Every structure is written in C-alpha cells, then in structure tokens.
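Residue strings, one per chain:
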Amino acid sequence: MCIQAYWDDPATRQIAIVHFQDGWNWEHAYHAQRQLHQMIETVSYPVGVVVRTSDMVNVPTNAISEGRRILSCKHENSRVLVLVTKNMMVRALFTIYNRLHWREPAKQFHIVNSMEDARTCIGERLPVGV
C-alpha cells in the first residue's frame, strides 16, 4: 500500500507514523486514517503523530479540500502532529493548512526535516511521563 500507519516503537506506542509514498490517493489516505485511529484506540494516553512524506513527490488533486477534511478528524489522543518532509510543495501546503485552519499554535503541525527531529519535537511537547 502507498500509505502505511505503524508505531515508531511498538513497545512504547508513544509515536504513530503515517508514511506516505508516491502513488497514493485519497482512498489510501482515508484507509490510513482509520488504521491510525484504531492504533491510537489501543492506548489511553496522548501520542505524537508523524506524517512522513519524505518519499512523496506528487500530491493528488483536491489537496486543500480533502486534506482539510482528513486533518480536521484527528483522534482526541493525537496531541502533537509533526510533518517530516523536504518536499517544498508539501511544506507549502501544510503551512497553508496551519494558517487557514489551525491558528492556535498548540494545534498546528510542526514541520521538520528528519525523523530524529520529529522525535525530538514530540518529546518536547508531550506530557512528562507519557
């Protein structure tokens, strides 16, 4: 599948990763979102979610409207959202999402270049002891 959802560390289940690869479509994205929600339902504490698009080159049509629909349905336990990409077009899209829909900084995506940076970002923002 072009999008995979999995735990960064299955033993701790503190960071969920949604890894987009080239060739994905919105049906794949909605399936991955359902899978992510099922994963988060297995824990009773806040988790960080990493959207990893480092391998992605193209974005399907309707990115603004479909992306908004998906991103507005985040799980209540997903507290820190981090985008990992070096793709400038994807960065620009998420910057637009942040400015239009998530004006409150605590709800915004954090955009970083690497998984190491994503782990650090989440570690700095999740409640202590989680």
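This report concerns the structure included in the present document. Think of each chain on its own: its residues are numbered from 1, step by step along the sequence as written. It should be noted that, the model being predicted, local features are given only for residues of pLDDT at least 70 and side-chain atom pairs only at 80 or more, the latter also being counted only at that level, while totals for whole chains, interfaces and linings use all residues. The side-chain values count all of the structure's non-hydrogen atoms but skip hydrogen atoms and water molecules.

Positive phi is not limited to glycine here, since R13 has a value of about 50 degrees. Tracing the sequence through the fold places R13 in the loop between β1 (3-7) and β2 (15-20). Residue classification places R13 among the partly exposed positions, given a relative accessible area of 28%. For helices the rule is a DSSP run of H or I covering at least 4 residues; for strands it is a run of E covering at least 2, with both sets numbered from the N terminus onward. Using a 1.4 Å probe on the protein chains alone, a residue whose accessible area is under 20% of its type maximum counts as buried, one over 50% counts as exposed, and one in between counts as partly exposed.

A cavity here means a set of 1 Å grid points, computed over protein atoms only, where a 1.4 Å probe fits but cannot escape. A pocket is an open set with protein on both sides within 12 Å along at least 5 of 7 lines, and lining residues have an atom within 4 Å of a point. Grid points are joined across faces, edges and corners, and a volume is the space filled by probe spheres set on the points. The full count for this structure, using the stated rule, is one cavity of 30 Å³ or more. In this structure, the largest cavity encloses a volume near 420 Å³. Breaking the lining of the largest cavity down by element, the ones donating at least two residues are β2, α1 (26-40), β3 (47-52), α2 (63-71), β4 (78-84) and α3 (88-101). Residues that form the lining of the largest cavity fall into these classes: 23 nonpolar, six polar and one charged. Gly counts as polar in this scheme, as do all residues outside two lists: the nonpolar Ala, Val, Leu, Ile, Met, Phe, Trp, Tyr, Cys and Pro, and the charged Asp, Glu, Lys and Arg.

As a further point, take the packing of aromatic side chains. Ring geometry is summarised as follows: Phe, Tyr and Trp rings, the Trp one being its six-membered ring, pair when their centres sit within 6.5 Å, and such pairs are stacked at plane angles under 30 degrees, edge-to-face over 60 and tilted between the two. Here the structure, examined in full by the defined rule, presents two aromatic pairs. Geometrically, the ring pair formed by F20 and W24 is edge-to-face, given 4.9 Å between the ring centres and 80 degrees between the ring planes. W24 sits in the buried class, given a relative accessible area of 8%. Arranged with centres 4.8 Å apart and planes meeting at 85 degrees, the rings of W24 and W26 form a pair that is edge-to-face. Across the pair, W26 and W24 agree in class, each one buried.

Looking now at the pattern of salt bridges. Two side chains of opposite charge can pair, provided their charged atoms sit close to one another. Throughout this description, the term salt bridge denotes a Lys or Arg side-chain nitrogen within 4 Å of a carboxyl oxygen of Asp or Glu. Taken as a whole and assessed by the stated rule, the structure comprises three salt bridges. Of the charged contacts, one joins R119 and D8 as a salt bridge, the two residues approaching to 2.7 Å between their closest N and O atoms. With R119 in helix α4 (residues 115-125) and D8 in the loop between β1 and β2, this pair connects stretches of sequence that are 111 residues apart. As a salt-bridge pair, E124 and R125 come within 3.4 Å of each other at their nearest N and O atoms.

What follows is about α4. Among the residues of α4, those classed as buried are M115, A118, C121 and I122. Seen along its axis, α4 keeps its buried residues to an arc of 120 degrees; they face one direction. Turned more than 90 degrees from where α4 packs its buried face, E116, G123 and E124 sit exposed. The contact criterion used throughout is that any non-hydrogen atoms of two residues lie within 4.5 Å. Along its buried surface, α4 packs onto β2, β3, β4 and β5 (109-112). Taking the helix axis as origin, the arc is that swept by the directions to the C-beta atoms.

It is worth spelling out a nonpolar patch on the surface at this point. What makes a patch is a set of residues exposed beyond 30% relative accessible area and free of salt bridges, joined within 9 Å when like-charged and within 5 Å when nonpolar (Val, Leu, Ile, Met, Phe, Trp, Tyr). For the accessible areas, the method is Shrake-Rupley and the probe is 1.4 Å, while residue cover comes only from the protein chains on display. On the surface, I64, I96 and L100 cluster together into a nonpolar patch covering about 240 Å² of accessible area. Of note, L100 is situated in helix α3. Its relative accessible area of 49% is what places L100 among the partly exposed residues.

Here the focus is the sheet that holds β5. Think of it this way: DSSP has to see at least two bridges between two strands before they count as a pair. Reading across the sheet, the five strands line up as β1-β2-β3-β4-β5 and stay open at both edges, with mixed pairing between neighbours. The outermost strands of the open sheet, each flanked by one partner alone, are β1 and β5. The mean angle between the axes of side-by-side strands here comes to 20 degrees, regardless of whether they run parallel or antiparallel. The pairing of β4 with β5 spans four bridges and is parallel. If you follow L81 over to β5, its bridge partner there is F109. Across the sheet, α1 lies against β1, β2, β3 and β4, angled at about 10 degrees from β1, the strand it touches most. Simply put, an axis is a line fit to the C-alpha atoms, just over the touching stretch for a helix, and the angle between two N-to-C directions goes from 0 to 180 degrees. Relative to β4, α4 is tilted by about 160 degrees, and along the sheet it contacts β2, β3, β4 and β5.

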